[in-house]
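# Notes for the structure review
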Amino acid sequence: MRAGNSDRVKRRVLREAVAENLDVMRGMPPRALRPATRWSRLLTRRAPLLFIAAIVAGTFFMGGGQAIPPVLTQAAVITSRQAALPVLQAAETTESIERMTASAFPLAVRRIVLDAGHGGTDPGASAAQAIEKEITLDIGRRLRGRLESHGFEVVVTRDGDRTIALRDRARLANDSKSDIFVSIHVNALERHTEARGIETYYLGATNDPSLTALAARENRVSGYSVSDMRKLLEGVYADARRDESQQLASAVQKKLYESLRAHDAGLENWGVKRAPFLVLVATDMPAVLAEVGCISNEKESAMLRTPEYRQKIADALFDGIRAYAGANAPLKKGSTQNG
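Note that the coordinates shown come from a computational prediction; the quantities given were computed from them, not determined experimentally.

With that out of the way, let us pick up the pattern of salt bridges. One pass over the structure, following the stated rule, counts 13 salt bridges. For R111, the salt bridge is made with E153, and the minimal N-O distance between the two is 3.0 Å. In this pair, R111 sits in strand β1 (residues 111-116) while E153 sits in strand β4 (residues 153-156), placing the two residues 42 residues apart along the sequence. Classification of R111 by relative accessible area gives partly exposed; the value is 24%. You can call E153 partly exposed: its relative accessible area is 40%. The partner of R171 in a salt bridge is D168, and the shortest N-O contact between them spans 2.7 Å. Taken together, the residues R171 and D168, both in helix α6 (residues 166-175) and three residues apart, mark about one turn of the helix. A single salt-bridge network, built from bridges that share partners, covers D138, R142 and R310.

Spelled out as structure tokens, the structure:
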């Protein structure tokens, strides 16, 4: 092995040590506890030995094939141990690592992604003259206006009747470096047309067959391959992001129900739930999907067709987002987000 190769091995080992420490600080499980291939585990365990071998081999060839004096060999071993120390320390630390909670990182919410569900050739649910893609787009526009008037930055995944794959929605959200992601949808219960209620989802596993079926319907226009899905699902339940998403979902659901119940006494609170919606899987920030109405119910479908009721939904979503933002980062005196 030449000197250049030896240096590359050193740099790689150091990069892995730094990456391990950063991952732990971000709340990710230690690498020793993550799913890994046999070769990656073997490489991690043998990193110090590879380091020693690289230095010894490099020194041998640089010396023209001469045997390495005992003093140089000891120096190489000491140097390799010092360089590998961050890896060893990280491995020792993993034994005492506890679950990372979102409360450790109270961050301000400034930029928000609004995702109006469906669009273009994907109409979503429909009943009578109500179409989900039109309802969600209108509510999203109204919500955007409220947020921007109170100092928030807003990024939208679609601003017209366009077909956008879930993959592209997630990519746009991640590229925008936004703080939270809110996807707007309306429900349809074909076998329970008398039911009407609201519910808000965050990412997580579910044992409920009806929620699995709902996620399958919403995930149809994904744009992801099978190999993409494997990569996405490897780390989707990181503690901090999941906790933040649950808090956001709770705040949104609370405000939606409190506000809309005042205008519809029969409205039911279906609560905060977990489900594997792809649009939530692929986003890097806290993310929720709000089912703001039930289009299969005749009375609610009629209400969802009116601008007044859509505005009330937008106002309730705004109140939920602002409540979450305020709880995570108390507003400073003179902030434009008051009011």
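This is not the end of the story, as more comes after the structure.
This next bit is on the packing of helix α5 (residues 132-149) against helix α12 (residues 307-328). Packing of α5 against α12 leaves a shortest axis separation of 8 Å and a crossing angle of 50°. Regarding the angle of α5 to α12, the classification is oblique. Judged by the sense of rotation from one axis to the other, the crossing of α5 with α12 is right-handed. In contact with E134, I135, D138, I139, R142, L143, R146 and L147 of α5, α12 contributes P307, R310, Q311, I313, A314, D315, L317, F318 and I321. A class-by-class count of the residues in the contact of α5 with α12 yields 10 nonpolar, one polar and six charged.

Across the sheet, which stays open at both edges, the six strands sit in the order β4-β1-β5-β8-β6-β7 with mixed pairing between neighbours. Two strands bound the open sheet, and with one partner strand each, they are β4 and β7 (268-275). Averaged over all pairs of adjacent strands, the angle between strand axes in this sheet comes to 20°, irrespective of strand direction. Across five bridges, the pairing between β1 and strand β5 (residues 180-187) is parallel.

Calculation criteria
- Residues numbered from 1 in each chain as written.
- Predicted model: local features only at pLDDT ≥ 70, side-chain atom pairs only at ≥ 80, totals over all residues.
- Heavy atoms only, no water.
- Salt bridge = Lys/Arg side-chain N within 4 Å of Asp/Glu carboxyl O.
- Helix = DSSP H or I, 4+ residues; strand = E, 2+ residues; numbered from the N terminus.
- Buried < 20%, exposed > 50% of the residue type's maximum accessible area, 1.4 Å probe, protein only.
- Axes fitted to C-alpha atoms, helices over the stretch in contact; angles between N-to-C directions.
- Parallel < 35°, antiparallel > 145°, perpendicular 65-115°, else oblique.
- Left-handed = near helix turned anticlockwise from the far one by under 90°.
- Contact = heavy atoms within 4.5 Å.
- Nonpolar A, V, L, I, M, F, W, Y, C, P; charged D, E, K, R; others polar.
- Pairing = 2+ DSSP bridges.

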